[in-house]
Amino acid sequence: MKGKYSKLLFIILVFIFLYLPIGVLIAYSFNSGSTNLIFEDFSFKWYLNIIKNTDLVNAFLNTLLVAVTSTVISTVIGTISAYGLYKFDFPFKKLINSLIYIPIVIPEIVLGISLLSVYTLMKLELSIYSIIVSHIAFSIPYVIVSVKTTLTSQTITYEEAAKDLGASNYSIFKKIIMPIITPGIVSGATLVFTLSLDDVVISYFTAGPGSNTLPLYIYSIMKSGITPDVNALTSILLLVTFVILITLTIVQSRKIRKEAL
Amino acid sequence: MKNNKIFKTIFTLPILVYTFILIVLPLLYILFLSFCTSDSYGGIIYEFTFSNYIKIFDLTYLKILFKSALIGVITTIICILISYPFALILRRKSAHIQNLVTKLIMIPFLTNSLIRTYGWIILLRKNGIINNGLIMGGLTSSPLNLMYNRFGIVVGMVYTLLPFMLLPICSSVFEINNDLIEAAKDLGAKPLQIFRKIIIPETISGVFNGSLMVFIPAIGYFFITDILGGGKIMIIGNLIKNQFLTARNWPFGSAISIFLIIITFLLVKLYKRLGGKMDDLGGF
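Cut-offs applied
Residues numbered from 1 in each chain as written. Chains lettered and ligands numbered in written order. Predicted model: local features only at pLDDT ≥ 70, side-chain atom pairs only at ≥ 80, totals over all residues. Helix = DSSP H or I, 4+ residues; strand = E, 2+ residues; numbered from the N terminus. Buried ≥ 20, exposed ≤ 12 C-beta atoms within 10 Å, placed from the backbone. Contact = placed C-beta atoms within 7 Å. Rg over C-alpha atoms; globule rule 2.2 N^0.38 Å. Nonpolar A, V, L, I, M, F, W, Y, C, P; charged D, E, K, R; others polar. Axes fitted to C-alpha atoms, helices over the stretch in contact; angles between N-to-C directions. Parallel < 35°, antiparallel > 145°, perpendicular 65-115°, else oblique. Left-handed = near helix turned anticlockwise from the far one by under 90°. Domains from an automatic or database assignment.

### Side note on the overall build of chain B
- Looking only at helices and strands, chain B has twelve helices and two strands in total.
- In terms of overall dimensions, chain B has C-alpha extents of about 75 × 70 × 35 Å along its principal axes.
- Taken across its 284 residues, chain B has 40% of its residues classed as buried.
- Pairs at least 24 residues apart make up 71% of the contacts formed inside chain B by residues separated by at least 6 positions.

### Some words on the overall build of chain A
- Secondary structure summary: chain A contains twelve helices and zero strands in total.
- When the helices and strands of chain A are listed from N to C terminus, the series reads α-α-α-α-α-α-α-α-α-α-α-α.
- Over its C-alpha trace chain A gives a radius of gyration of 23 Å, far above what one expects of a compact globule, namely 18 Å for 261 residues.
- Along the three orthogonal principal directions, the C-alpha set of chain A runs to about 75 × 65 × 35 Å.
- Relative to its 261 residues, chain A shows a buried fraction of 38%.
- Restricting the contact set of chain A to residue pairs at least 6 apart, pairs at least 24 apart contribute 81%.

### Looking at the interface of chain B and chain A
- The interface of chain B with chain A comprises 70 residues on the first partner and 74 residues on the second.
- Take the side of chain B that touches chain A: its biggest share by element is 20 residues, from helix H1 (residues 2–33) of chain B.
- Of the residues belonging to the side of chain B that touches chain A, the class tally is 49 nonpolar, 16 polar and five charged.

### A few points about the packing of helix H7 (residues 150–174) of chain B against helix H9 (residues 191–218) of chain B
Residues and elements named next belong to chain B.
- It is the contact of H7 with H9, at a shortest axis distance of 8 Å, that shows an interaxial angle of 165°. When the interaxial angle is binned, H7 and H9 end up roughly antiparallel. Two packed elements cross with a definite hand, and for H7 against H9 that hand is right-handed. In this structure, H7 uses Met157, Leu161, Phe164, Met165, Pro168, Ile169, Ser171, Ser172 and Val173 to contact H9, whose residues at the interface are Glu202, Thr203, Ser205, Gly206, Val207, Asn209, Gly210, Met213, Val214, Pro217 and Ala218.
- Within the contact of H7 with H9, the residues separate by chemical class into twelve nonpolar, seven polar and one charged.

### Focus: unusual backbone geometry
- The backbone of Lys123 of chain A sits at a positive phi, close to 60°, despite the residue not being glycine.
- With respect to the helices and strands, Lys123 of chain A occurs in the loop between helix H6 (108–121) and helix H7 (128–148).
- Of note in this structure, Tyr148 of chain B is not a glycine but carries a positive phi near 60°.
- Within the secondary structure, Tyr148 of chain B is located in the loop between helix H6 (129–136) and H7.

### Digging into the environment of Phe164 of chain B
Residues and elements named next belong to chain B.
- Relative to the helices and strands, Phe164 is located in helix H7.
- A C-alpha to C-alpha distance of 31 Å links Phe164 and Phe57, two positions 107 residues apart in sequence.
- Contacts of Phe164, omitting those with residues within four sequence positions, involve Gly210, Met213 and Val214.

### What about the environment of Ser141 of chain B?
All names here are of chain B.
- Along the chain, Ser141 turns up in the loop between H6 and H7.
- By the C-beta count within 10 Å, which is 7 here, Ser141 ends up exposed.
- Along the backbone, Ser141 and Asn131 are ten residues apart, and their C-alpha atoms lie at a distance of 9.7 Å.

### Re the domain arrangement of chain A
Residues and elements named next belong to chain A.
- We note that the domain assignment places domain 1 (1–50) and domain 2 (53–227) within chain A.
- Distance from the C-alpha centre of domain 1 to the C-alpha centre of domain 2: 33 Å.
- With five residues of domain 1 in contact, the opposing surface of domain 2 contributes six residues.
- For the side of domain 1 that touches domain 2, the per-class residue count stands at one nonpolar, four polar and no charged.

### A few points about helix H8 (residues 178–186) of chain B
- The buried fraction of H8 of chain B amounts to zero of the nine residues, a small share that puts the element mostly on the outside.
- Backbone geometry just downstream of H8 of chain B places Gly188 of chain B in the positive-phi region, at approximately 90°.

### Regarding the packing of helix H3 (residues 54–87) of chain A against helix H9 (residues 169–198) of chain A
All names here are of chain A.
- Contact geometry for H3 and H9: axes closest at 9 Å, N-to-C directions at 145°. H9 is crossed by H3, and the crossing has right-handed handedness. For the pair H3 and H9, the contacting residues are Thr63, Val66, Ala67, Ser70, Thr71, Ser74, Thr75, Gly78, Thr79 and Tyr83 in the first and Ile177, Ile181, Ile185, Gly188, Ala189, Val192, Phe193, Ser196 and Leu197 in the second.

### A word on the environment of Cys170 of chain B
Residues and elements named next belong to chain B.
- In this structure, Cys170 sits in helix H7.
- Accessibility expressed as a C-beta count within 10 Å gives 25 for Cys170, which makes it buried.
- Distance from Cys170 to Ser38, taken between C-alpha atoms, is 48 Å for residues 132 residues apart in sequence.

So, in structure tokens, the structure goes:
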């Protein structure tokens with residue numbers, strides 16, 4: 001019995017470690033003082049102040065713009081590429097099949113500086129667009145991998161059956177492939193959306209003047225101290241993602257239960 | 001027939017363009033840069049030289065490489081020591097609980113890593129929450145130095161990278177066939193023997209997967225050393241960042257990057273030799 005409690009305690013300690021910094025940030029978002037140093041009094045004022053801090057709001061909107069645009073584009077390219085790599089033979093296919101893992105394994109900083117160098121070489125001005133392109137660059141491989149795992153040998157059987165019955169390439173893709181790969185597309189898109197929101201390193205090297213994203217904005221004010229409106233915005237974002245994830249989990253476990261019945 | 005060709009082009013052209021423009025070209029270009037030199041204004045002089053690679057082995061830079069590797073190894077080991085017991089405790093729980101735990105691990109990581117690192121400042125600084133707690137509890141009379149040193153950096157690295165170890169180790173431990181362990185028990189195997197003869201061999205590729213995804217970022221995450229190390233301790237990430245943004249010696253920065261890529265490739269080779277699959281890397 002004693003062992004059981006110490007096991008449970010270990011799991012709880014790990015979760016405390018994972019949630020502690022976030023808990024602290026949320027707690028200080030209700031601080032009436034203007035620093036994250038001393039907790040003065042309970043107040044909602046920083047939540048209302050978010051709108052007044054235009055730099056913060058702009059940075060947040062830029063972050064969303066980057067995440068949404070890069071997720072949509074990389075999901076489309078990643079999905080059709082995963083199918084292309086599975087279905088067709090074309091020049092450099094074998095090479096590409098190993099090259100796509102490079103952005104996943106090499107240190108982000110190396111990808112960041114190499115993209116920066118190429119933008120400079122091509123005389124492209126750094127802006128929010130260069131951040132978007134860079135995020136697309138590191139996202140596509142994750143989508144490909146995620147979609148690829150849903151394309152199995154079983155898929156070939158279905159495809160051949162449809163072909164024998166006279167289905168066109170287009171309708172095979174739409175009616176057979178799409179339903180099979182949809183879970184892979186969804187999980188790939190979720191993953192790259194998260195990675196884009198979380199990214200510090202690649203944005204740091206590929207952002208132009210004035211194209212602040214949330215992490216870059218926070219990095220720039222870190223030295224002078226972060227104001228609690230940043231905490232407030234973070235808390236709201238966290239609440240939103242938490243609700244989405246919990247809903248997904250509930251839906252998923254209902255599905256598991258239904259299938260078990 | 002023509003339709004088929006168009007269809008094929010749609011599905012293969014984007015990946016060709018992407019791979020060559022956004023992967024191959026940038027890497028070849030920094031490989032090229034690494035053999036050039038730079039003038040004192042940050043301009044690039046196109047003369048072939050090995051000097052940047054020789055410079056990496058200067059004592060100053062070797063020390064940074066060594067310190068980075070040390071921080072990376074310590075971080076990786078701590079992550080393994082947390083993840084293994086965590087996964088083993090949850091091994092026999094229902095798929096339900098395992099699914100929930102996995103989600104709970106991921107939630108904190110949906111906030112930006114920089115913001116989370118900032119949370120650690122509030123906790124670790126001299127008049128921070130942990131020091132105040134220790135003083136109030138009478139465990140120490142004067143505040144401890146918990147950040148602006150290696151301790152703070154390792155805490156930040158472990159915190160930021162732990163999910164990349166927890167998730168692959170959990171998924172490989174959860175997949176162990178329980179019959180194997182039951183059979184070993186019936187034959188009189190002791191827990192330690194089961195761990196050594198079954199659990200380790202069955203999960204080794206998961207552990208190495210996690211180690212790759214922890215160690216490689218840990219030598220590059222300059223923002224953690226900047227924030228929690230107070231700029232006193234440099235890792236390879238800081239060195240590359242400085243060469244590109246402050247010292248403006250792009251060729252030297254490129255040479256260090258190529259050096260990092262080579263190390264990464266060697267580690268990936270080792271991972272594959274241990275039976276790891278590329279598709280498992282970095283996937284949540």
